[in-house]
Amino acid sequence: MSEFSDELIGRSGYLSEGFADVYDRYRPSPPAEVLDVLILAAGVEQPTLVVDLGCGTGLATRALADRADEVVGVEPNPRMIERARTATEKSNVSFIEAYARETGLPDGGADLVTCWQSFHWMEPQPVLAEAVRLLRSGGVFAACDYDVPPFVEPGVDAAFEALGGARREARQRLALPAGATSWPKDRHLDEIRTSGRFRYARELVAHGWWDTDAERLIGLARSIGGPRELFEQAPEVGELFDRAAETAREVLGDRTWPLLLGYRLRVGIK
Ligand SMILES: C[S@@+](CC[C@H](N)C(=O)[O-])C[C@H]1O[C@@H](n2cnc3c(N)ncnc32)[C@H](O)[C@@H]1O
């Protein structure tokens, strides 16, 4: 399993020089409203311990640290975790370089175990078993994903949709599957339910606003990553990237723009 995770990570482009900086700069961190929903589901005012699986550069880990006594981020990619470590000096945050299925953390101490944009990278059942081991009774596992591309403006959205479609098509043609090929996000709730490990499971939706502009949108598209082969053997992906960037610059000019981030939270309560 860890070999397959290594393969996925290697093929993701997330290990490339400078990628973690782009990721941390241009990806959104969870809005307060979304954190409120999870804390409400966990039935506490302030979680004692949150474990953030597949924490990447720690965008959600840092946001959670403002709301919880202690947060532990778990991430196997050394470049992402290095960026996470340098991005915070908060004393209630720590990071472990590990796979989500085997964190080495003690049993039963967590109010919340989260996967932000990361559950589709992981073989679900062993990770759910680990999440349940970490949670106290009544604690919450949540796979949290925002819709990509987010809603900006029809012309801009269409250009980014076209880019996403070309990337998916090229990955298929070149046999370079991403994690979501094996474990699509729309199966997350079924995985939680069929694990039989949670007394209650459902999907919640929430949203937040994020100020963006043309350069941030282009950075967000860049932060999706992609293996070198994709860009060498599928030049249409690069062309559609340039077209999307051009559209964003034309439509948004130098304006700041309110961007609606829609989140789907697939939640299981232990
Ligand atoms: C799209 S990033 C999400 C990062 C962060 N949670 C966020 O919201 O910005 C997915 C992360 O999951 C990590 N990952 C991949 N396979 C994993 C596994 N088996 N266990 C834990 N993390 C994993 C990747 O290295 C990557 O950093």
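Before any of the text, the structure's been laid out above.
This structure is a prediction, so every number in the text was calculated from the model and none was measured.

Calculation rules
Residues numbered from 1 in each chain as written. Predicted model: local features only at pLDDT ≥ 70, side-chain atom pairs only at ≥ 80, totals over all residues. Heavy atoms only, no water. Phe/Tyr/Trp six-rings, centres within 6.5 Å; stacked < 30°, edge-to-face > 60°. Buried < 20%, exposed > 50% of the residue type's maximum accessible area, 1.4 Å probe, protein only. Helix = DSSP H or I, 4+ residues; strand = E, 2+ residues; numbered from the N terminus. Pairing = 2+ DSSP bridges. Axes fitted to C-alpha atoms, helices over the stretch in contact; angles between N-to-C directions. Contact = heavy atoms within 4.5 Å.

Caption draft 1: Region of the structure containing the packing of aromatic side chains. Applying the stated criterion to the full structure yields eight aromatic pairs. Their ring planes at 55° and their centres at 5.6 Å tell us that Tyr14 and Tyr23 sit as a pair that is tilted. Tyr23 shares its class with Tyr14; the two are buried. Ring geometry for Tyr14 and Trp121: centres 4.9 Å apart, planes at 55°, overall tilted. One end of the pair, Tyr14, is in the loop between helix H1 (2-12) and helix H2 (19-26); the other, Trp121, is in the loop between strand E4 (110-116) and helix H6 (124-134), with 107 residues separating them in the sequence. For Trp121, a relative accessible area of 22% gives the class partly exposed. Within the aromatic cluster, the residues linked to one another by ring pairs are Tyr14, Phe19, Tyr23 and Trp121.

Caption draft 2: Seen up close, the sheet that holds strand E3 (residues 93-96). Reading across the sheet, the seven strands line up as E3-E2-E1-E4-E5-E7-E6 and stay open at both edges, with mixed pairing between neighbours. Two strands close off the open sheet at either side, each with one partner strand: E3 and strand E6 (200-212). Strand-to-strand, the axes of this sheet are offset by a mean angle of 20°, without reference to chain direction. Inspection of the sheet shows strand E2 (residues 70-74) paired to E3 by four bridges, in the parallel sense. Of the residues in E3, the one forming a bridge with Val71 is Val93. This element, helix H10 (residues 214-222), spans E6 and strand E7 (257-269) of the sheet and lies at about 140° to E6.

These results come straight from atomic positions and should not be treated as a statement about function.
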